[in-house]
Amino acid sequence: MTRPDTDRADRIGTFTTRPLDPVADAPLVHGWVTHPKAAFWLMGEAKLHDVEREYAAIAAHPHHDAFIGLHDGEPAFLIERYDPTEVELKGLYEAEPGDVGMHFLVAPADTPVHGFTRAVITAVMEFLFADPSVRRVVVEPDVTNGAVHALNKAVGFEVLREIAKPEKNALLSACTREQFEAATGGNDR
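First things first, this report covers the structure right here in the doc. Fair warning: this is a prediction, and the values are worked out from it, not measured in the lab.

## Regarding the packing of aromatic side chains
In total, this model carries four aromatic pairs according to the counting rule given. Here Phe15 and Phe116 contribute two aromatic rings whose centre-to-centre distance is 5.7 Å and whose plane-to-plane angle is 45°, an arrangement assigned as tilted. Linking Phe15 in strand β1 (residues 15–19) with Phe116 in helix α3 (residues 116–129), this pair joins segments that are 101 residues apart in sequence. The exposure class of Phe116 is buried, given its relative accessible area of 13%. Taking 5.8 Å as the distance between ring centres and 35° as the angle between the ring planes, the aromatic pair formed by Phe129 and Phe180 counts as tilted. Of this pair, Phe129 sits in helix α3 while Phe180 sits in helix α5 (residues 177–184), and the two are 51 residues apart along the sequence. Neither Phe129 nor Phe180 differs from the other in exposure class; each is buried.

What follows is the structure in structure tokens.
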């Protein structure tokens, strides 16, 4: 994901990713996941060692990984990518070949930039679809998270149904490569 979002490159900047280092990145990620704006991340009370342990487990998992998203070279967001047939949604939905699951979290900012979160989710989707084996992205945000539902819709997600997970009631949603390209202008950006 080194390609800039060319529609907004002058205004928003360039997005890239790197693998998350569970030890070195734990203090940074701890600040993000425990911030009040990250309430839906369900780690508000986590201690630094909890975050390190959580991301070490993700790094060791064969079907789950995490990345730090960079905005103009500076850490700005978190991505988790997972195989939904093995993690998070196992047995909870009708999987299709080429499905990938995703979570993303934008770091809290002292000075919010208009359009930044939408640019981030667009960059995250481009990152996921850069893998030619990915045909569809599936997500399971909390049913009460209206802000993320609006973002998901803006990049092409379609709500499939509500599902009950142990930690929340979730709105299972999916977005094919074609839906994403139609919603965002595809290669025209």
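Back to the write-up after that little detour.
## Focus: unusual backbone geometry
Backbone geometry places Asp72, a non-glycine residue, at a positive phi of 50°. As for its position among the elements, Asp72 is in the loop between β2 (64–71) and β3 (74–82). Judged by its relative accessible area of 47%, Asp72 falls in the partly exposed class. In the Ramachandran plot, Glu88 falls in the positive-phi region, its phi being about 70° despite a non-glycine side chain. With respect to the helices and strands, Glu88 occurs in the loop between β3 and β4 (99–106).

About the cut-offs
- Residues numbered from 1 in each chain as written.
- Predicted model: local features only at pLDDT ≥ 70, side-chain atom pairs only at ≥ 80, totals over all residues.
- Heavy atoms only, no water.
- Phe/Tyr/Trp six-rings, centres within 6.5 Å; stacked < 30°, edge-to-face > 60°.
- Helix = DSSP H or I, 4+ residues; strand = E, 2+ residues; numbered from the N terminus.
- Buried < 20%, exposed > 50% of the residue type's maximum accessible area, 1.4 Å probe, protein only.

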